[in-house]
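# Structural overview
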Amino acid sequence: MHLLEHVQEPIRLALAGLVADPETYVAMVKPTQDAKHGDYQLNAAMSLAKTLGKKPREVAQEIVERLPLGDLLETPEIAGPGFINLRLRSDWMAARLREIARDPRLGVAPAAKAKTYVIDFSGPNVAKPMHVGHLRSTIIGDSLIRLLRFLGHTVVGDNHLGDWGTQFGMMLFGYKNYAQQKGMDKDPVRELARLYVLVREITKPVAAEEDDETSDKPTKFTDEAIQVAKIVADAARKETSKLHTFDEENLRLWNLFIPNCLEDLKPIYKRLDIQFDESLGESFYQPMLPSVVADLQAKGIARESQGAIAIFLDEKEPPSLIQKRDGAFTYTTTDLATIRHRIETWKPDAILYVVDSRQALHFRNVFETARRWGYDNVAFEHVSFGSVLGDDGRPLKTREGGVIELGSLIQEAVERAGTVYEEARQEALAAGEEVTPLEVGELEAIKEAVGIGAVKYADLCQNRTSDYRFSWQKMLAMTGNTGAYMQYAYVRNRGIFRKAGALVAKYRDDPPAVILAEPHERALAFQLLRLEEYLRVAAAEYQPNFVTSYLWDLSKAYSGFFQNCPVLRASSPEIRESRLLLCDLTARTIQKCLELLGIRTVERM
Ligand code: ARG
């Protein structure tokens, strides 16, 4: 149930007889900032007054008189110049909560019109260890998949792996010149990564501008280093182009490398609970590229220019190359082939690209080309995001200035979560609190859930388009808008049921009557009823931070309730039952929202 839409319904009826276009004014119903002014407020009377040539208060009065209150609304109050304060009836709220308690979907209706989405996310370049730059794409993309699926849409999550790019030239060159058989026998994944890093290191003095990992390096290199870099970079480029023209030896080696590269990614995705429906990397599209270029030329969208083939979209912008002079295809060509394949295979309504904002121009060009190519009834969306910054406000790096590998970042998160947990346990013991010893394996599960949850939550709670500073201390805090705080709110809540010896099933199968007599009970109930409202905004804007905002608002309402409304020592058995229901529903809602963010809950911590 979308609470806001529910409240808008009688408003629409009231306005229908007053104005020709009620929708503009219906859209002005907004939740209030302060419960003093009711739950929702309508500020339409002021602008309507001009149209109708009446005084705002008069208009407000007229709307209120026409408003069918039903069992939904209390008689509204008119405040100030003509604000209409709408207040839900508590008995109506109580009845809805009781229904929602029975519903595994927690009252969230599936979308009226289910759509098909393809989500392009994660997309690491597999020749190198996955780094923190792919973290955002991976967790934002995963969260959007979970959210859209929960809302009833069909989603194909596709990992557009960089498995054909220039890094393979470096790896091929490295392998041919510096590979150590011992290393290959023992741990080919590490050995290949070493070779890649080695060649990248050698070629650093001449690294291309767009290499995000090397671009802000100081440029103090000796002439000799620059000479060597030039030679090696050139040789690596030749290896890439030999691969791209399907040179037998390079293709054989590529086939040898790929399984190792993919193996390297698996444990990271597993630990992060990330699943893909498809992992069609760039290499998958290679056989299709000549036909893409030919088709774009035939349709007059691309043309020859100085020996290359390019698309000219805008006089002012540089053209996008789809085939270079030496015959090589580009990142753009692959993305165009990918679009054709996705549309033919899944017939999506929308394709979302969860990719760094620095690729905005690339996607603008690709989308515009695709529309000219005839794919104009599909929504293309660059779901872009900013950078993860270090303490110094610059892109996050290791202390030595290197790239942070995702594997070690996750490991550190888990270890730090362990430390935080241990400290909290010691504190509780020192304070004489009872601390239940954990079962075997439970501590490990808690550390994983809290550590990885902290990293994900800290990322997802940002407005994705901005950069944010990575701070262990903030993300692992047990208070405030953090993953750990939400997980703890869940655990504390479960603890009530353990203490009461009450089984949660009862509050779901045969829920007791809900009593909303105290303001804190009512405030919590209001938040519980607003879940769909937030989720739909999160999905429409592709912004998981609306899910975290919801959790934050819910957890504040819950903590007000928890501090002011005794549950186990409630003044009557009926109130106790009602409050236990509110607790259970809160726990389920927190758990569901965390699940939509890809964050686990544990039963104790
Ligand atoms: N591999 C690319 C990179 O790391 C990201 C791929 C994004 N998806 C796409 N369809 N271009 O920059």
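So, how was this worked out
- Residues numbered from 1 in each chain as written.
- Predicted model: local features only at pLDDT ≥ 70, side-chain atom pairs only at ≥ 80, totals over all residues.
- Heavy atoms only, no water.
- Helix = DSSP H or I, 4+ residues; strand = E, 2+ residues; numbered from the N terminus.
- Buried < 20%, exposed > 50% of the residue type's maximum accessible area, 1.4 Å probe, protein only.
- Contact = heavy atoms within 4.5 Å.
- Areas by Shrake-Rupley, 256 points an atom, 1.4 Å probe, with all protein chains shown as cover.
- Lys, Arg positive; Asp, Glu negative; His and termini not counted.
- Charge placed at Lys NZ, Arg CZ, Asp CG, Glu CD.
- Pairing = 2+ DSSP bridges.
- Axes fitted to C-alpha atoms, helices over the stretch in contact; angles between N-to-C directions.
- Parallel < 35°, antiparallel > 145°, perpendicular 65-115°, else oblique.
- Nonpolar A, V, L, I, M, F, W, Y, C, P; charged D, E, K, R; others polar.
- Phe/Tyr/Trp six-rings, centres within 6.5 Å; stacked < 30°, edge-to-face > 60°.
- Near = heavy atom within 4 Å.
- Polar contact = N/O pair within 3.5 Å; in protein donor to acceptor, adjacent residues only side chain to side chain.
- Core = buried A, V, L, I, M, F, W, Y, C linked by side-chain atoms within 4.5 Å.
- Salt bridge = Lys/Arg side-chain N within 4 Å of Asp/Glu carboxyl O.
- Expected span 1.5 Å × (residues − 1).

Check the secondary structure of the protein chain and you find 23 helices and 13 strands. Oriented by its inertia axes, the alpha-carbon framework of the protein chain measures out at about 80 × 70 × 45 Å. Burial analysis of the protein chain (605 residues in total) assigns 51% to the buried set. In the protein chain, of all internal contacts separated by at least 6 residues, the share reaching a separation of at least 24 is 73%. Just so you have it, the protein chain exposes about 28,400 Å², and 51% of that area is on carbon and sulfur atoms. For the protein chain, the distance from the average position of its 76 positive side-chain charges to the average position of its 85 negative side-chain charges is 2 Å.

With that out of the way, let us pick up the sheet that holds strand β9 (residues 320-323). With antiparallel pairing, three strands are arranged side by side in an open sheet as β7-β8-β9. The outermost strands of the open sheet, each flanked by one partner alone, are β7 (302-305) and β9. Sheet twist, expressed as the average angle between the axes of neighbouring strands with direction ignored, equals 45 degrees. Summarising the sheet, β7 and strand β8 (residues 308-311) pair through four bridges and their orientation is antiparallel. By the bridge assignment, S305 is partnered in β8 with A308.

Taken N-terminus to C-terminus, the directions of helix α10 (residues 223-244) and helix α11 (residues 248-271) make an angle of 90 degrees; their axes are 8 Å apart at the nearest point. The orientation of α10 with respect to α11, classified from their angle, is roughly perpendicular. In contact with E239, K242 and L243 of α10, α11 contributes N250, L251 and W254. Its residues assigned to classes, the contact of α10 with α11 comprises three nonpolar, one polar and two charged.

The next thing to look at is the packing of aromatic side chains. Within this structure, the stated rule accounts for 20 aromatic pairs. An angle of 35 degrees between the planes, with centres 5.7 Å apart, marks the rings of F363 and F367 as tilted. Remark: F367 and F363 occur in helix α14 (residues 360-372); sequence separation between them is four residues, near one turn of the helix. When sorted by exposure, F363 lands in the same class as F367, which is buried. Here the aromatic rings of Y534 and Y550 are separated by 4.9 Å at their centres, their planes lie at 65 degrees, and the arrangement is edge-to-face.

A separate point is the site of the ligand. Close contacts around the ligand come from D120, G123, N125, H134, H160, Y331, D335, Y353, V355, Q359 and F363, and that covers them all. A distance of 2.8 Å is found between a nitrogen atom of the ligand and a backbone nitrogen or oxygen belonging to G123. Q359 is positioned such that a nitrogen or oxygen atom in its side chain is 2.9 Å from an oxygen atom of the ligand. Relative to its unbound accessible surface of 350 Å², the ligand loses 89% to contact with the protein. Going through the elements one at a time, α13 (331-346) and β10 (350-356) are the ones with two or more residues in the shell around the ligand.

Looking now at the nonpolar core. Nonpolar side chains tend to gather and get buried jointly when the protein is soluble and globular. Among the nonpolar cores identified, the biggest contains 153 residues, and L15, I63, L86, L88, I119, F168 and L535 are the most heavily contacted of them. Here the element with the most residues in this core is helix α23 (residues 573-596); it accounts for 10 residues. Grouped together as the second largest cluster of nonpolar side chains are 30 residues, L296, I351, F363 and A370 included.

Summed over the entire model, instances satisfying the criterion amount to 39 salt bridges. A salt bridge links D277 to R149; its shortest N-O distance comes to 2.8 Å. One end of the pair, D277, is in the loop between α11 and α12 (289-298); the other, R149, is in helix α6 (residues 133-150), with 128 residues separating them in the sequence. Assessed through its relative accessible area of 42%, D277 is described here as partly exposed. Residue R149 is classed as partly exposed on the basis of its relative accessible area of 39%. For R372, the salt bridge identified is with E368, shortest N-O distance 3.0 Å. Of this pair, R372 and E368 are both found in helix α14, four residues apart, which corresponds to roughly one turn of the helix. You can call E368 partly exposed: its relative accessible area is 27%. In the salt-bridge network here, residues are joined through shared partners; they are E5, E532 and R536.

Most of the time, phi is negative for any residue but glycine, and the peptide bond is trans. Positive phi is not limited to glycine here, since S122 has a value of about 70 degrees. Accessibility expressed as a relative area gives 4% for S122, which makes it buried. Of note in the backbone geometry, F246 takes a positive phi value of approximately 60 degrees without being a glycine. Note on placement: F246 falls in the loop between α10 and α11.

Time to look at the packing of helix α7 (residues 167-178) against α11. To describe two helices that pack against each other, one gives the angle between their axes and the distance between the axes. Remark: α7 packs on α11, axes separated minimally by 11 Å, with the N-to-C direction vectors making an angle of 105 degrees. Comparing the axis directions of α7 and α11 gives the class roughly perpendicular. Listed contacts from α11 to F168, M171, L172, Y175 and K176 of α7 are E249, N250, L253, W254, L256, F257, I258 and C261. Tallied by class, residues from the contact of α7 with α11 come to 10 nonpolar, one polar and two charged.

Take α23 next. An ideal rise of 1.5 Å per residue puts 34 Å on 24 residues; α23 measures up with 35 Å between its terminal C-alpha atoms. Burial analysis of α23 places 18 of its 24 residues in the buried class, the great majority of the element. A positive backbone phi angle near 80 degrees is found at G598, which sits one or two residues after α23.

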